[in-house]
Amino acid sequence: MGSGIRLSDRTVRVVLKPLVFVASLGPLSWLVWAALTGNLSPNPLSDLTNETGVWTLRFLCITLSITPLRRLTGWNAAIKFRRMLGLFAFFYGTLHFLTYVIADRFAALDFTDGMFTLATVRNLARSVAEDVYKRPFITVGFSAWLSMLPLALTSTAGMIRRLGGRRWSRLHRLIYLTATLGVLHYWWLVKADVRRPITYGIVVGILLLSRVYWARWRASTPVLKAARSAPVP
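Residues numbered from 1 in each chain as written. Predicted model: local features only at pLDDT ≥ 70, side-chain atom pairs only at ≥ 80, totals over all residues. Heavy atoms only, no water.

Structural notes on the overall build of the protein chain
For step 1, the next point in the chain: Scanning the protein chain from terminus to terminus reveals 10 helices and zero strands.
For step 2, the next point in the chain: Mapped in sequence order, the helices and strands of the protein chain form the string α-α-α-α-α-α-α-α-α-α.
For step 3, the next point in the chain: A principal-axis box enclosing the C-alpha atoms of the protein chain has dimensions of 85 × 40 × 40 Å.
For step 4, the next point in the chain: Taking all 233 residues of the protein chain together, the buried fraction comes to 34%.
For step 5, the next point in the chain: Of the contacts formed within the protein chain by residues at least 6 apart in sequence, a portion of 67% connects residues at least 24 apart.
For step 6, the next point in the chain: Carbon and sulfur atoms provide 66% of the accessible area of the protein chain, an area that totals close to 14,700 Å².
For step 7, the next point in the chain: A distance of 23 Å separates the average location of the 29 positive side-chain charges in the protein chain from that of its 9 negative side-chain charges. (Helix = DSSP H or I, 4+ residues; strand = E, 2+ residues; numbered from the N terminus. Buried < 20%, exposed > 50% of the residue type's maximum accessible area, 1.4 Å probe, protein only. Contact = heavy atoms within 4.5 Å. Areas by Shrake-Rupley, 256 points an atom, 1.4 Å probe, with all protein chains shown as cover. Lys, Arg positive; Asp, Glu negative; His and termini not counted. Charge placed at Lys NZ, Arg CZ, Asp CG, Glu CD.)

Some points on the environment of S24
For step 1, the next point in the chain: In this structure, S24 sits in helix α1 (residues 9-24).
For step 2, the next point in the chain: In this structure, the C-alpha to C-alpha distance between S24 and T117, residues 93 residues apart in sequence, is 35 Å.

Focus: the packing of aromatic side chains
For step 1, the next point in the chain: Inspection of the entire model under this criterion finds 15 aromatic pairs.
For step 2, the next point in the chain: A ring pair is formed by F91 and Y92, whose centres lie 5.2 Å apart and whose planes are at 75 degrees; its orientation type is edge-to-face.
For step 3, the next point in the chain: Relative accessible area serves as the criterion here: at 1%, Y92 is assigned to the buried category.
For step 4, the next point in the chain: Grouped by ring-pair contacts, the aromatic residues F21, W55, F59, F88, F91 and Y92 constitute a single cluster.
For step 5, the next point in the chain: Positioned above the aromatic ring of W55, the side-chain terminus of R58 is 4.6 Å from the ring centre. (Phe/Tyr/Trp six-rings, centres within 6.5 Å; stacked < 30°, edge-to-face > 60°. Lys NZ or Arg CZ within 6 Å of the ring centre and 35° of its normal.)

Some points on the packing of helix α5 (residues 118-134) against helix α6 (residues 136-153)
Two packed helices can be described by the angle between their axes and the distance between those axes.
For step 1, the next point in the chain: The geometry of α5 relative to α6 is characterised by a closest axis approach of 5 Å and an angle of 110 degrees between their N-to-C directions. Classed by the angle they form, the pair α5 and α6 counts as roughly perpendicular. Facing D131, V132, Y133 and K134 of α5, the residues of α6 in contact are P136, I138, T139 and F142.
For step 2, the next point in the chain: Residues that form the contact of α5 with α6 fall into these classes: five nonpolar, one polar and two charged. (Axes fitted to C-alpha atoms, helices over the stretch in contact; angles between N-to-C directions. Parallel < 35°, antiparallel > 145°, perpendicular 65-115°, else oblique. Nonpolar A, V, L, I, M, F, W, Y, C, P; charged D, E, K, R; others polar.)

Notes on the pattern of salt bridges
For step 1, the next point in the chain: Inspection of the entire model under this criterion finds four salt bridges.
For step 2, the next point in the chain: Across the pair D131 and R105 runs a salt bridge whose closest N-O atoms are separated by 3.7 Å. Residue D131 is found in helix α5, and its partner R105 is found in helix α4 (residues 82-105); the two are separated by 26 residues along the sequence. Residues D131 and R105 agree in their burial class; the two are buried.
For step 3, the next point in the chain: With a shortest N-O distance of 2.8 Å, D193 and R195 are connected by a salt bridge.
For step 4, the next point in the chain: For R195, a relative accessible area of 63% gives the class exposed.
For step 5, the next point in the chain: Several salt bridges share partner residues, and in doing so they unite D104, R105, D131 and R135 into one network. (Salt bridge = Lys/Arg side-chain N within 4 Å of Asp/Glu carboxyl O.)

Things to note about the confidence of the model for the protein chain
For step 1, the next point in the chain: Taken as a whole, the protein chain shows an average pLDDT of 86; of its residues, 91% reach a score of 70 or greater.
For step 2, the next point in the chain: The secondary-structure element of the protein chain with the lowest mean pLDDT is helix α10 (residues 195-229), recorded at 78, while α6 shows the highest, at 95. (pLDDT = per-residue confidence, 0-100.)

Let's talk about the packing of α1 against α4
For step 1, the next point in the chain: Where α1 contacts α4, the axes come no closer than 11 Å and their chain directions differ by 15 degrees. Between α1 and α4, the interaxial angle falls into the category roughly parallel. Of the two elements, α1 crosses α4, and the hand of that crossing is right-handed. Between α1, through K17, V20, F21 and S24, and α4, the contact on the second element is made entirely by M84, L85, F88 and Y92.
For step 2, the next point in the chain: Looking at the contact of α1 with α4 residue by residue, the class counts come to six nonpolar, one polar and one charged. (Left-handed = near helix turned anticlockwise from the far one by under 90°.)

See below:
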């Protein structure tokens, strides 16, 4: 274990957290800049879809790495970044989903009743639901987004108090399911060159195994202490 990184709460709150927040907006800023200046590929909607999806996976992996980082370095203040990073994963995942809904499903409607009408909303919902049902990789991606939704909704301190620490922690284990489904969605999407999805899969697998290891270590610690303190016959 590390001896511990020592930074004041003020430094973390006033300096580091704003820096992490601004850095987390970097991918979106770059996409907006590239779109406005014509620096995307000939298929800009594909770029937007792919980049927001990849950054969702990256933020999921970064969020999952916070606890191992804290345990290895002893820097307990690292936990203060986890909620922000998790919400950015949901933010980019929502952008990814909305890009698909607007650029793929909404653009395919015929708008016989007008573009912004209740009938159009119903047709869009029906179109998305049919796509989710018929196309497995869309099903998996939508499931990944749905599994992030309760995590985002319960990310506040008030929800932690209402749920209780133990129930909240159990609920937020869904992030491992989200990351696994995200990797599967990515792998199913690229089809041919699966090196990057496999890389993310390895990272998620290592982070999940580290959680299992720490859980078993914590469970065995009281047993070891009891054994060491027991009188020798």
